[in-house]
Amino acid sequence: MKYSTVIFDWDGTVVDSTYVIVDAIKKASRELGLEEPTTQKASWVIGLSLPKALLEVVPGLDETRLQAFIDAYRKYYFSADPDLKLFDGVLPMIQRLREQGLMTAVATGKSRFGLDCALANHGIANLFDVTKTADQTQSKPSPVMLQEIFDELMVQPDECVMIGDTSHDILMARNAGCDSIAVTYGAHTLREISQAEPSYIVNHVGELEHLLSRHTKKRSE
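Residues numbered from 1 in each chain as written. Predicted model: local features only at pLDDT ≥ 70, side-chain atom pairs only at ≥ 80, totals over all residues. Heavy atoms only, no water.

**What about the overall build of the chain?**
Moving on, step 1. Regarding its fold elements, the chain presents 10 helices and six strands.
Moving on, step 2. Taken over the C-alpha trace, the chain has a radius of gyration of 17 Å; the compact-globule value for 221 residues is 17 Å, and the two agree within 12%.
Moving on, step 3. Each of the three principal axes of the chain carries a C-alpha extent, and together these read 60 × 35 × 30 Å.
Moving on, step 4. Classification of the 221 residues of the chain by burial places 55% in the buried group.
Moving on, step 5. At a minimum sequence separation of 6, the contacts of the chain that also span at least 24 residues come to 65%.
Moving on, step 6. Of the roughly 9700 Å² of accessible surface on the chain, a fraction of 48% belongs to carbon and sulfur atoms.
Moving on, step 7. Averaging the locations of the 22 positively and 31 negatively charged side chains of the chain gives two centres separated by 1 Å. (Helix = DSSP H or I, 4+ residues; strand = E, 2+ residues; numbered from the N terminus. Rg over C-alpha atoms; globule rule 2.2 N^0.38 Å. Buried < 20%, exposed > 50% of the residue type's maximum accessible area, 1.4 Å probe, protein only. Contact = heavy atoms within 4.5 Å. Areas by Shrake-Rupley, 256 points an atom, 1.4 Å probe, with all protein chains shown as cover. Lys, Arg positive; Asp, Glu negative; His and termini not counted. Charge placed at Lys NZ, Arg CZ, Asp CG, Glu CD.)

Here's what the structure looks like:
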């Protein structure tokens, strides 16, 4: 298969932010006097729309305290957000994809505000043809986020590949009818992402770029 369009998840795939998200959830839990979720449970929410996911993983959290929790979470997360780093090799890889004429996109569980802040912090908004966030459309694993990207870029599902670090990313790709690449350096364990049956699994950015070099094509080809 040759792909003309490469779609990236953000947290845990492009940016090394898993530990900050988990830490912010735990700190918000303590601030509101709630039981802290385990690291594994807190990591599970990464990639999903935050409000829905938090209700599932934070013990004792309910709708009446949800907004207060989200406010506390964002306070802790955004205090660290400017210091977050891209995974080594990700930026030059995306730049090379662009130079080769491929289209690139982001499909993330972040909010539009959160993604725009992150893109501005790293100065890379111009590297993506389109970006979609969970508060603009339906949350993963619904296929709608990817379907909207397909429509905007005027591409077919079989021309696209979704890259992500969670089972939510992989299931979204399956539901949308496109291939997927799971990276093992992010939020979910190898077992969790393997159960979602990705098209490919890679362990580091170098391996990801090598795989993409074999399976991508220029738009003009």
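Moving on from the model shown.
**Quick notes on the packing of aromatic side chains**
Moving on, step 1. Summed over all chains, the structure comprises six aromatic pairs.
Moving on, step 2. For the pair Phe8 and Phe128, a centre-to-centre distance of 6.5 Å together with 75° between the ring planes defines the contact as edge-to-face. A residue pair is termed long-range when its members are at least 10 positions apart, and Phe8 in strand 1 (residues 5-8) and Phe128 in the loop between helix 6 (112-122) and strand 3 (130-133) qualify at 120 residues. Each member of the pair, Phe8 as well as Phe128, carries the same accessibility label: buried.
Moving on, step 3. Ring centres of Phe78 and Phe113 lie 5.5 Å apart, and the angle between their planes is 70°; this geometry places the pair in the edge-to-face category. (Phe/Tyr/Trp six-rings, centres within 6.5 Å; stacked < 30°, edge-to-face > 60°.)

**Quick word on the pattern of salt bridges**
Moving on, step 1. Counted according to the given criterion, the structure contains 12 salt bridges.
Moving on, step 2. One salt bridge in this structure joins Asp23 and Lys27, with 3.0 Å as the shortest N-O distance. Taken as a pair, Asp23 and Lys27 lie in helix 1 (residues 18-31) at a separation of four residues, close to a single helical turn.
Moving on, step 3. Its relative accessible area of 34% is what places Asp23 among the partly exposed residues.
Moving on, step 4. Between Glu31 and Lys75 there is a salt bridge, and its shortest N-O distance comes to 2.8 Å. Highlighted residues: Glu31 in helix 1 and Lys75 in helix 4 (residues 63-80), separated in sequence by 44 residues.
Moving on, step 5. Take Glu31: its relative accessible area is 41%, and that puts it in the partly exposed class.
Moving on, step 6. The partly exposed category is assigned to Lys75, whose relative accessible area is 46%.
Moving on, step 7. Within the structure, one salt-bridge network assembled from shared partners comprises Asp9, Lys140 and Asp169. (Salt bridge = Lys/Arg side-chain N within 4 Å of Asp/Glu carboxyl O.)

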